[in-house]
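Structural features, examined
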Amino acid sequence: MPDRGDRPSWDRYFMDITELVARRSTCIRRSVGAIIVKNKRILTTGYNGAPSHVRHCIEVGCLREKMNVASGERHELCRGIHAEQNAIIQAAFHGVSIEGAVLFCTNLPCSICAKMIINAGIRKIYYASGYADTLSKEMLNEAAVEIIKLDSKRQEENS
């Protein structure tokens, strides 16, 4: 029987998948992935990029970069949808309830995504890296959404 000492925990397993999902991103500035999990089953995935049938930033360039907009500011000046938004939209599109689910995300969600997460009934977030949006963490804490930092596999390998 093979040695299973390197078998990942559930949290590590889902975060590894989240990092793979992020590789589909079409954002020039940051690749973000998100998955929504319930009862140890992946319900939906999402990555940041333009809506369906709309050209991606890798094709037309980044408006935010051209305008020198700082990370975490002026979210409306972007062709893309955030990974968390795409994961929530996929659940709605396919009629999948995500109430009481867990979100795994490569980055701590922004305040816009935090509002959607709270109203969608997601109760816990695992994330690998921070994000320049203090309002997000404040709202998630106020709504009693548990937030857990889980280092990315890439961070673990580089330490």
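Here the structure is a predicted model, which means the values were calculated and not measured.

About the criteria used
Residues numbered from 1 in each chain as written. Predicted model: local features only at pLDDT ≥ 70, side-chain atom pairs only at ≥ 80, totals over all residues. Heavy atoms only, no water. 1 Å grid on protein atoms, 1.4 Å probe; cavity = no way out; pocket = protein on both sides within 12 Å on 5 of 7 lines; lining within 4 Å. Points joined across faces, edges and corners; volume = space filled by probe spheres on them. Helix = DSSP H or I, 4+ residues; strand = E, 2+ residues; numbered from the N terminus. Nonpolar A, V, L, I, M, F, W, Y, C, P; charged D, E, K, R; others polar. Phe/Tyr/Trp six-rings, centres within 6.5 Å; stacked < 30°, edge-to-face > 60°. Buried < 20%, exposed > 50% of the residue type's maximum accessible area, 1.4 Å probe, protein only. Polar contact = N/O pair within 3.5 Å; in protein donor to acceptor, adjacent residues only side chain to side chain. Contact = heavy atoms within 4.5 Å.

Some words on the layout of surface pockets
For the largest pocket, the calculated volume is near 420 Å³. Contributing to the lining of the largest pocket are 26 residues, with Cys27, Asn48, Cys78, His82 and Tyr131 lying nearest its centre. Looking at the lining of the largest pocket, the element that brings in the most residues is helix H4 (residues 83–93), giving three residues. By residue class, the composition of the lining of the largest pocket is 13 nonpolar, nine polar and four charged. Estimated volume of the second largest pocket: approximately 270 Å³. Every residue lining the second largest pocket is counted, 15 residues in all, and those nearest its centre are Ala50, Pro51, Ser52, Asn86 and Gln90. Within the residue set of the lining of the second largest pocket, elements represented by two or more residues are strand S2 (41–47) and H4. Here the lining of the second largest pocket gets four residues from one element, more than from any other, and that element is H4. Residues belonging to the lining of the second largest pocket are distributed by class as follows: six nonpolar, eight polar and one charged.

A short note on the packing of aromatic side chains
Taken as a whole and judged by the stated rule, the model has five aromatic pairs. With centroids separated by 5.4 Å and ring planes inclined at 50°, the aromatic side chains of phenylalanine 14 and phenylalanine 104 adopt a geometry described as tilted. Of the two residues, phenylalanine 14 sits in helix H1 (residues 10–22) while phenylalanine 104 sits in strand S3 (residues 102–107), which places them 90 residues apart along the sequence. The two residues phenylalanine 14 and phenylalanine 104 agree in class, both being buried. Judged by centre distance (4.8 Å) and plane angle (10°), the rings of phenylalanine 104 and tyrosine 126 are stacked. A residue pair is termed long-range when its members are at least 10 positions apart, and phenylalanine 104 in strand S3 and tyrosine 126 in strand S4 (residues 124–129) qualify at 22 residues. Judged by relative accessible area, tyrosine 126 falls into the buried class, the value being 9%.

Examining the side chain of asparagine 107
Locating asparagine 107 in the fold gives a position in strand S3. A residue is classified by how much of its surface remains accessible, and asparagine 107, at 7% relative accessible area, is buried. Side-chain polar atoms of asparagine 107 contact the backbone oxygen of glycine 130, separated by 3.5 Å. Leaving out residues up to four positions away in the same chain, asparagine 107 has contacts with Arg30, Ser31, Val32, Glu84, Tyr127, Ser129 and Gly130.

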